[in-house]
Amino acid sequence: MTKAKNEQKKPAAKKAEGKSKKEKFIELAETRVPKALKQIGMVGNLSDKTKFEYTDKQVKQIVDALKESLDRMKARFENGEAQEESFKLS
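Here the structure is a predicted model, which is why all the values come from computation and not from measurement. (Residues numbered from 1 in each chain as written. Predicted model: local features only at pLDDT ≥ 70, side-chain atom pairs only at ≥ 80, totals over all residues. Heavy atoms only, no water.)

## Side note on the overall build of the protein chain
We apply this condition: In DSSP terms, a helix is any run of H or I states spanning at least four residues, a strand is any run of E spanning at least two, and both are numbered starting from the N terminus. A 1.4 Å probe and the Shrake-Rupley method give the accessible areas. Residues count as covered only by the protein chains that appear here.
Across its full length, the protein chain carries three helices and zero strands. When its helices and strands are written in sequence order, the protein chain yields α-α-α. For the protein chain, the exposed area adds up to about 8,700 Å²; of that, 56% sits on carbon and sulfur atoms.

See the structure below:
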């Protein structure tokens, strides 16, 4: 009986493993990119001056950090190199 249960689980595991690298990429990209876009939109919500107070310097820091992150992501696609990311307002 235990053997039968294990055999039933194997096809499901193989099905997930059976996805091509292209299919896995598309699946993950279609999940992750909308999440990232939503989070960027939420950062944009910080621009509401009726709810928040901020300086031009802070806005520049946020925009620069996002641009740098996009540049690093683009570089990873171009040459596969990863760099550590961090962010702090000063």
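Structure shown, so let's carry the discussion forward.
## As for the environment of Tyr54
What counts, and what does not: Accessibility here uses a 1.4 Å probe with only protein chains present; expressed as a share of the type maximum, an area under 20% marks a residue as buried, one over 50% as exposed, and anything in between as partly exposed. Contacts are residue-level and defined by heavy atoms, with any inter-residue pair within 4.5 Å sufficient.
With respect to the secondary-structure elements, Tyr54 resides in the loop between helix 2 (21-44) and helix 3 (56-79). On the basis of relative accessibility, which here comes to 26%, the residue Tyr54 falls in the partly exposed class. Ignoring sequence-local partners within four residues, the contact set of Tyr54 consists of Leu46, Ser47, Lys49 and Val59.

## Notes on the confidence of the model for the protein chain
The line we're drawing: Confidence of the predictor in every single residue is expressed as pLDDT, which spans 0 to 100.
Across the protein chain, pLDDT averages 86, with 77% of residues at or above 70. Put simply, helix 1 (residues 2-17) is where the protein chain has its lowest mean pLDDT, 55, and helix 2 is where it has its highest, 97.

## Regarding the packing of aromatic side chains
Put simply, the rule reads: Aromatic rings from Phe, Tyr and Trp, taking only the six-membered ring of Trp, are treated as a pair when their centres fall within 6.5 Å; an angle between ring planes under 30 degrees marks them as stacked, one over 60 as edge-to-face, and anything in between as tilted.
According to the stated counting rule, one finds one aromatic pair in the structure shown. Taken together, a centroid distance of 6.4 Å and an interplanar angle of 90 degrees make the contact between Phe25 and Phe77 edge-to-face. Taken as a pair, Phe25 in helix 2 and Phe77 in helix 3 lie far apart in primary sequence, 52 residues in all.

## Topic: the pattern of salt bridges
Heads up, the condition is: Only one rule defines a salt bridge in this text: a Lys or Arg side-chain nitrogen within 4 Å of an Asp or Glu carboxyl oxygen.
Per the stated rule, a full pass over the model turns up two salt bridges. The partner of Glu27 in a salt bridge is Lys19, with the nearest N and O atoms 2.2 Å apart. A relative accessible area of 32% means that Lys19 is categorised as partly exposed. A salt bridge links Lys60 to Asp64; its shortest N-O distance comes to 2.7 Å. Taken together, the residues span about one helical turn, with Lys60 and Asp64 both in helix 3 at a distance of four residues.

## What to know about a nonpolar patch on the surface
So the rule is basically this: Only residues whose relative accessible area exceeds 30% and that form no salt bridge enter a patch; like-charged residues are grouped when within 9 Å of one another, and nonpolar side chains (Val, Leu, Ile, Met, Phe, Trp, Tyr) when within 5 Å.
On the surface, Val33, Leu37, Ile40, Val43, Leu46, Phe52 and Leu66 cluster together to form a nonpolar patch covering roughly 560 Å² of accessible area. For the nonpolar patch, the element with the highest residue contribution is helix 2, accounting for four residues. Residue placement: Leu37 occurs in helix 2.

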